[in-house]
Amino acid sequence: LLRLFSSCMNWDLLQDASLADEWREIIPLDVPVNALCHAVRALRFEAEIQTGWWVRNGQSMHQQQAEYRRKLRQWDLMTVQACMLLLNFHEAKEAEPLFCLWSAAFDETAPKETLQVPVLERWRRLWSDELTVQIQLRFRLFWTLLAQAVNEMLPIEVSL
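Each chain carries its own residue numbering, running from 1 in the written order of its sequence. Reporting of local features is limited, given that this is a predicted model, to residues whose pLDDT is at least 70; pairs of side-chain atoms are given and counted only at 80 or more, and all residues count toward the totals for whole chains, interfaces and linings. Water and hydrogen atoms play no part in the side-chain values, which are based on all heavy atoms of the structure.

**Q** Would you explain the overall build of the protein chain in this entry?
**A** Scanning the protein chain from N- to C-terminus turns up ten helices and zero strands. Counting from the amino terminus, helix and strand elements in the protein chain follow one another as α-α-α-α-α-α-α-α-α-α. Think of it in three bands: residues with accessible area under 20% of the maximum for their type are buried, residues over 50% are exposed, and the middle band is partly exposed, with areas taken using a 1.4 Å probe on protein chains only. Relative to its full complement of 160 residues, the protein chain shows a buried share of 41%. Expressed as a percentage of contacts within the protein chain between residues at least 6 apart in sequence, the contacts between residues at least 24 apart total 71%. Roughly 9,400 Å² of accessible area belongs to the protein chain as shown, and the carbon and sulfur atoms make up 56% of that amount. Strands are runs of DSSP state E lasting at least 2 residues, helices are runs of H or I lasting at least 4, and numbering of each runs from the N terminus. The contact criterion used throughout is that any non-hydrogen atoms of two residues lie within 4.5 Å. Where accessible areas are quoted, they stem from the Shrake-Rupley method and a 1.4 Å probe; at the residue level, only the protein chains shown are allowed to cover.

**Q** Help me out: how do you make sense of the side chain of R73 in this one?
**A** Along the chain, R73 falls in helix α6 (residues 73-90). A polar contact of 3.2 Å, which involves the side chain of R73, links it to the side chain of E46. In this view, R73 contacts L43, E46, Y68 and Q148; residues no more than four positions away in its chain are not counted. Counting of polar contacts relies on pairs of N or O atoms within 3.5 Å, with two restrictions inside protein: one atom must be capable of donating a hydrogen and the other of accepting it, and residues adjacent in sequence are counted only when both atoms are side-chain atoms.

**Q** Whenever I open this one, the nonpolar core confuses me. Can you help?
**A** Where a protein is soluble and globular, its nonpolar side chains tend to be buried together. Throughout, nonpolar core names a set of buried Ala, Val, Leu, Ile, Met, Phe, Trp, Tyr and Cys residues whose side chains join them through atoms within 4.5 Å. Membership of the largest hydrophobic core comes to 43 residues, with the highest contact counts inside it found for M9, L36, V80 and L101. For this core, the element with the most residues is α6, which contributes nine residues. In this view, M9 contacts L14, W23, I27, A82 and L86; residues no more than four positions away in its chain are not counted.

**Q** Could you clarify how one ought to interpret the packing of helix α4 (residues 30-51) against helix α9 (residues 133-151) in this entry?
**A** In helix packing, the relevant descriptors are the interaxial angle and the interaxial distance, both defined with respect to the helix axes. Axes here mean lines fitted to C-alpha atoms, for a helix over just the part in contact, with angles spanning 0 to 180 degrees between N-to-C directions. Close contact between α4 and α9 brings their axes to 11 Å; oriented N to C, the two are set at 125°. Regarding the angle of α4 to α9, the classification is oblique. The way α4 lies across α9 gives a crossing that is right-handed. Residues V40, L43, R44, A47, E48 and T51 of α4 form the contact with α9, whose participating residues are L137, R138, L141 and L145. Following the grouping adopted for this structure description, the nonpolar residues are Ala, Val, Leu, Ile, Met, Phe, Trp, Tyr, Cys and Pro, the charged ones are Asp, Glu, Lys and Arg, and the polar ones are all others, Gly among them. Its residues assigned to classes, the contact of α4 with α9 shows six nonpolar, one polar and three charged. Working definition: roughly parallel below 35 degrees, roughly antiparallel above 145 degrees, roughly perpendicular at 65 to 115 degrees, and oblique for all remaining angles. Left-handed describes a crossing whose near helix is turned anticlockwise from the far helix by less than a right angle; the clockwise case is right-handed.

**Q** Which parts of the structure should I look at to understand the packing of α6 against helix α7 (residues 97-105)?
**A** Packing of α6 against α7 brings their axes to within 8 Å, and their N-to-C directions diverge by 135°. With respect to their mutual orientation, α6 and α7 come out oblique. Residues V80, M84, L87 and N88 of α6 lie in contact with α7, whose contacting residues are P97, C100 and L101. Residue composition of the contact of α6 with α7, by class: six nonpolar, one polar and no charged.

**Q** Would you mind going over the packing of aromatic side chains with me for this structure?
**A** Two numbers describe a pair of aromatic rings. These are the distance of the centres and the angle of the planes. Any Phe, Tyr or Trp ring, taking Trp's six-membered ring, that has another such ring centre within 6.5 Å forms a pair; planes under 30 degrees apart are called stacked, those over 60 apart edge-to-face, and the others tilted. Inspection of the entire model under this criterion finds six aromatic pairs. Between W102 and F139, the aromatic rings sit 5.9 Å apart at their centres with planes inclined by 70°, giving edge-to-face as the arrangement. Pair noted here: W102 is in helix α7 and F139 is in helix α9, with a separation of 37 residues, a long-range link. A relative accessible area of 0% places W102 in the buried class. Judged by relative accessible area, which is 4%, F139 ranks as buried. Each ring, one from F106 and one from F139, has its centre 5.3 Å from the other, and the planes form 80°; the classification is edge-to-face. You can see F106 sitting in the loop between α7 and α8 (119-128) and its partner F139 sitting in helix α9, a full 33 residues away along the chain. An aromatic cluster of three or more residues is present, and its members are W102, F106, F139, F142 and W143.

**Q** Help me out: how do you make sense of a nonpolar patch on the surface in this one?
**A** On the surface, F45, W53, W54 and V133 cluster together into a nonpolar patch covering about 350 Å² of accessible area. With respect to the helices, strands and loops of the structure, W53 is situated in the loop between α4 and α5 (59-71). Patch definition: residues above 30% relative accessible area lacking any salt bridge, with like charges linked at up to 9 Å and the nonpolar side chains Val, Leu, Ile, Met, Phe, Trp and Tyr linked at up to 5 Å. Criterion for a salt bridge: a side-chain nitrogen of Lys or Arg within 4 Å of a carboxyl oxygen of Asp or Glu.

Just geometry here; none of it tells us what the structure is for.
Shown next, in the form of structure tokens:
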């Protein structure tokens, strides 16, 4: 359903900042937040399979990863891009696009007291603590997704 959401987006209208009020009316804040979290969870699972965390599940995991990469990965990246744009339109402090991407990549829930901590400060805290393999993978995933969401704006480029 979420992949259908991103495939039905009108990318010409989505990139028009003058329509932000209309987008806020049509799509409530929880829709892009939940869609972003779901898409990032799928991308995170694919990264975990590629890293070898699911080797005990056998060859079928690698086959699922190959199938996901071939058919669904681009839709999830498009969902991330669309949700980041929609979150930016909402201008909600608790749903700032970078914060939502960070929370989804690191599987964090957002308790009220941590909403005020910027992403850069969270990054410094995690970096200064002992870096586990899991945290390293999540860092790589966050930066990769951010780069892909910003640099590989395929649907928007095609719509121009």
